[in-house]
Amino acid sequence: MLTLKQIRDEREQTVARLAKKGVDAAPVIDRIVALDDRRKAIQQQLDGNLSEQNKIAKEIGGLFKSGKTDEANALKEKVAGLKEQSKALETEQADVISEMESLIVTLPNRPAEIVPEGKTAEDNLVVKMGGPEARQLKGEGILPHWELAKKYDIIDFELGNKLTGAGFPVYKGKGARLQRALINFFLDINTAAGFLEVEPPIMVNEASGFGTGQLPDKEGQMYHATVDNFYLIPTAEVPVTNIFRDEIVDEKQLPIRMTAYTPCFRREAGSYGKDVRGLNRLHQFDKVEIVQVAHPSDSYERLDEMVAHVEGIVQKLGLPYRILRLCGGDMSFTSALTYDFEVYSEAQDKWLEVSSVSNFESFQANRLKLRFRNAETKKTELAHTLNGSSLALPRIVAALLENNQTPEGIVIPEALRPYTGFDIIK
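What you see is a predicted model, and the numbers here were worked out from it, not measured in a lab. (Residues numbered from 1 in each chain as written. Predicted model: local features only at pLDDT ≥ 70, side-chain atom pairs only at ≥ 80, totals over all residues. Heavy atoms only, no water.)

### Side note on the packing of aromatic side chains
One pass over the structure, following the stated rule, counts five aromatic pairs. A centroid spacing of 5.8 Å and a plane angle of 45° characterise the contact between phenylalanine 185 and phenylalanine 186, whose relative ring orientation is tilted. We classify phenylalanine 185 as buried; its relative accessible area is 4%. For phenylalanine 186, a relative accessible area of 0% gives the class buried. For the pair tyrosine 344 and tryptophan 351, a centre-to-centre distance of 5.4 Å together with 65° between the ring planes defines the contact as edge-to-face. For tyrosine 344, a relative accessible area of 9% corresponds to the buried category. Among the aromatic side chains, those forming a connected cluster through ring pairs are Phe185, Phe186 and Tyr419. Sitting over the face of the ring of phenylalanine 422, lysine 174 holds its NZ or CZ atom 4.7 Å from the ring centroid. Positioned over the ring face of phenylalanine 195 is arginine 257, at 4.3 Å from the centre of the ring. (Phe/Tyr/Trp six-rings, centres within 6.5 Å; stacked < 30°, edge-to-face > 60°. Buried < 20%, exposed > 50% of the residue type's maximum accessible area, 1.4 Å probe, protein only. Lys NZ or Arg CZ within 6 Å of the ring centre and 35° of its normal.)

### Notes on the packing of helix H7 (residues 174-192) against helix H12 (residues 393-403)
Any two packed helices are characterised by how steeply their axes cross, that is the angle between the axes, and by the distance between the axes. Relative to each other, H7 and H12 sit at 115°, their axes nearing to 11 Å. Every pair of crossing elements has a handedness; the one defined by H7 and H12 is right-handed. Judged by residue contacts, Leu178, Gln179, Leu182, Ile183 and Phe186 of H7 engage Leu393, Ile396, Val397, Leu400 and Leu401 from H12. When its residues are assigned to classes, the contact of H7 with H12 shows nine nonpolar, one polar and no charged. (Axes fitted to C-alpha atoms, helices over the stretch in contact; angles between N-to-C directions. Helix = DSSP H or I, 4+ residues; strand = E, 2+ residues; numbered from the N terminus. Left-handed = near helix turned anticlockwise from the far one by under 90°. Contact = heavy atoms within 4.5 Å. Nonpolar A, V, L, I, M, F, W, Y, C, P; charged D, E, K, R; others polar.)

### Some words on the environment of phenylalanine 363
Here phenylalanine 363 shows up in helix H11 (residues 363-368). The sequence separation of phenylalanine 363 and aspartate 286 amounts to 77 residues, and the corresponding C-alpha distance is 26 Å. Among residues more than four places away in sequence, those in contact with phenylalanine 363 are Met1, Leu2, Leu107, Pro108, Asn109, Phe333 and Thr334.

### Notes on helix H10 (residues 299-316)
Here H10 contains 18 residues, and its C-alpha end-to-end distance of 26 Å stays within 8% of the 26 Å for a straight helix at 1.5 Å per residue. Along H10, the residues classified as buried are Ser299, Arg302, Leu303, Met306, Val307, His309, Val310, Glu311, Gly312, Ile313 and Val314. Where H10 terminates, the next one or two residues include glycine 318, which has phi positive at roughly 70°. (Expected span 1.5 Å × (residues − 1).)

### Examining the packing of H7 against H10
At a minimum axis separation of 11 Å, H7 and H10 run at an interaxial angle of 140°. Considering their axes alone, H7 and H10 lie oblique with respect to each other. Between H7 and H10 the crossing geometry is right-handed. Between H7 and H10, the contacting residues are Phe185, Phe186, Ile189 and Asn190 on the first element and His309, Ile313 and Lys316 on the second. Residues that form the contact of H7 with H10 fall into these classes: four nonpolar, two polar and one charged. (Parallel < 35°, antiparallel > 145°, perpendicular 65-115°, else oblique.)

As structure tokens, then:
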């Protein structure tokens, strides 16, 4: 969440930058500032009351010693009145703080200065294109991935629907091997680049969901185990980043770099139409994630490194790709700057998102109370957090199947063959 400094001291900048996300923050910010002013005024009254009570207490002792009982009792009544007043003030202060905090968490993160203006995905800025040129496969034999999956019996969407429901496919044979190969391939690249592999839980508590900003913003998109009040994770970002919730790390530890494979679960409420066919949009899918806890002074350098790292993985798969800088209206609630990776799907003739790489600056860290101790000042400061998909599997698989189909079968990219143990799906 935004800090009070960003809200109070940088009001105009905050209002202007949040306008990029289509948010009119001025009324909320003005209410927060008014509440904070009232909180401060109440605290001054409470401090004054306490000081007066301490002063009177000394006077009462002296009066009793001097035998001035009536005067001492009168002062005791005054103290009792001050205590009652303080109790009322503390109740009001708690209400003020509660309202203030409930308003602060409704404000999204401020977009970085270089975030493009825009309202929808159509306004995103393409910053780079790479990989082989799209072949634009032609002919009656060119099939979308859901038909290829059925033809080669590697993914069974109907069986998944029987076992659970739509959006929960069953991978079979070489389809399952391809999934496992991609996961291991991504993890090996990440660990070779210095990311520590962890295997976190795939269910988290409410505090973890709040810490990374999924709650309360995306509660409707998360699967909720109500008896235990646990949430199935939408991404490994949630448990991995929360490892550092309520922690003060040594400045020398930064940056902290971690990677994790997990299944991910998203309700995708409201999704419908041709864009949800096959692997395009699932309720359960596999993803490998990278997370960094960084120093505020170099977090954007770390973001550039992460973008280059993900680009290297996509290049190894031999897929046409493009990198987009998201406009304000298409960014997530928590992000300050996001780059999306898309790969080209030959049979569908469309670009498919396979990764988002984001810098959240101190937004998540403030919710997490994730700090580092400055080596010079010895004071604690909020860290910056970053994360990225490296990579999400479903649309990668869709593009691999469609782009590499031949009359003989689906050819596996050379980089993956040591992991699959086969070079073609026949």
